[in-house]
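So the chains spell out like this:
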Amino acid sequence: MANFKELLVWQKSIDFVTEIYRVSDTFSMHEMYGLTSQIRRASVSVPSNIAEGNSRRSKPDYLQFLKISGGSCSEIETQLLISKNLNFLKENEYMKLNNAIIEISKMLNGLINSLQ
């Protein structure tokens with residue numbers, strides 16, 4: 001197994017987390033412990049679980065952690081839509097972030113399929 005830092009999906013998810021933090025900085029201060037916190041935690045979960053699973057050096061463990069990352073991607077898609085509906089995200093920001101998380105999710109699915 002390649003080192004997690006060499007995985008394109010991990011690299012893209014790190015960039016995604018950085019963008020989520022930048023964009024969510026503009027969310028309502030009332031949401032600091034609500035949606036802002038939730039979307040940040042979910043986004044951090046994606047590369048973190050890729051790294052943890054890879055470091056376990058067991059294929060079943062790795063697959064389980066990749067699937068958890070995939071679940072976090074779905075969680076983020078939901079939170080992005082809620083953020084857009086609440087006008088915390090502009091349409092163009094929403095589309096950019098939503099497309100990025102869908103791409104990451106597809107990459108995770110490809111990695112999972114390659115390991116099974």
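In the nomenclature of an unreviewed UniProt entry, the protein corresponds to S23 ribosomal protein from the organism Chryseobacterium piperi.

Trainee: So what exactly am I meant to see when it comes to the overall build of the protein here?
Mentor: From N to C terminus, the protein includes four helices and zero strands. Listing each helix as α and each strand as β along the protein from the N terminus yields α-α-α-α. Expected size for 116 residues packed as a compact globule is a radius of gyration near 13 Å; at 14 Å, the protein falls within 12% of this value. Expressed along its principal axes, the backbone C-alpha trace of the protein runs to roughly 40 × 25 × 20 Å. Classification of the 116 residues of the protein by burial places 44% in the buried group. Of the roughly 6400 Å² that the protein leaves accessible, carbon and sulfur atoms contribute 53%. Where the 13 positive side-chain charges of the protein centre and where its 12 negative ones centre are 4 Å apart.

Trainee: Could you clarify how one ought to interpret the pattern of salt bridges in this entry?
Mentor: When the charged atoms of two side chains with opposite charge come close together, those side chains can pair. Across all of its chains, the model carries six salt bridges by this definition. R22 is the salt-bridge partner of E19, the closest N and O atoms lying 2.3 Å from each other. Here R22 and E19 lie together in helix α1 (residues 8–24), a separation of three residues that amounts to about one turn. By relative accessible area, E19 is classed as buried at 17%. Linking E52 and R56 is a salt bridge whose minimum nitrogen-to-oxygen distance equals 2.7 Å. Residue E52 and its partner R56 are located together in helix α2 (residues 35–56), separated by four residues, close to a single helical turn. Relative accessible area serves as the criterion here: at 41%, R56 is assigned to the partly exposed category.

Trainee: Is there a simple way to think about α1 in this case?
Mentor: In an α-helix, one full turn covers 3.6 residues, which means residues spaced three or four apart are oriented alike. Relative to the 24 Å expected for 17 residues at 1.5 Å per residue, α1 spans 24 Å between its end C-alpha atoms, a close match to the ideal helical length. Those residues of α1 hidden inside the fold are in contact with α2, α3 (59–85) and α4 (91–115).

Trainee: Explain the packing of α2 against α3 to me, please; I cannot follow it from the model alone.
Mentor: Packed helix pairs are characterised by how far apart their axes lie and by the angle those axes make with each other. Packing of α2 against α3 leaves a shortest axis separation of 8 Å and a crossing angle of 165°. One finds that α2 runs roughly antiparallel with respect to α3. Classified by chirality, the crossing of α3 by α2 is left-handed. Here the contact of α2 with α3 is composed, by residue class, of 13 nonpolar, 10 polar and four charged.

Trainee: What is the right way to look at the packing of α3 against α4 in this model?
Mentor: Interaxial distance between α3 and α4 falls to 10 Å at its minimum, and their mutual angle equals 165°. Between α3 and α4, the crossing angle belongs to the class labelled roughly antiparallel. With respect to the hand of their crossing, α3 and α4 are arranged in left-handed fashion. Its residues placed into classes, the contact of α3 with α4 shows 16 nonpolar, four polar and five charged.

Calculation criteria
- Residues numbered from 1 in each chain as written.
- Predicted model: local features only at pLDDT ≥ 70, side-chain atom pairs only at ≥ 80, totals over all residues.
- Heavy atoms only, no water.
- Helix = DSSP H or I, 4+ residues; strand = E, 2+ residues; numbered from the N terminus.
- Rg over C-alpha atoms; globule rule 2.2 N^0.38 Å.
- Buried < 20%, exposed > 50% of the residue type's maximum accessible area, 1.4 Å probe, protein only.
- Areas by Shrake-Rupley, 256 points an atom, 1.4 Å probe, with all protein chains shown as cover.
- Lys, Arg positive; Asp, Glu negative; His and termini not counted.
- Charge placed at Lys NZ, Arg CZ, Asp CG, Glu CD.
- Salt bridge = Lys/Arg side-chain N within 4 Å of Asp/Glu carboxyl O.
- Expected span 1.5 Å × (residues − 1).
- Contact = heavy atoms within 4.5 Å.
- Axes fitted to C-alpha atoms, helices over the stretch in contact; angles between N-to-C directions.
- Parallel < 35°, antiparallel > 145°, perpendicular 65-115°, else oblique.
- Left-handed = near helix turned anticlockwise from the far one by under 90°.
- Nonpolar A, V, L, I, M, F, W, Y, C, P; charged D, E, K, R; others polar.

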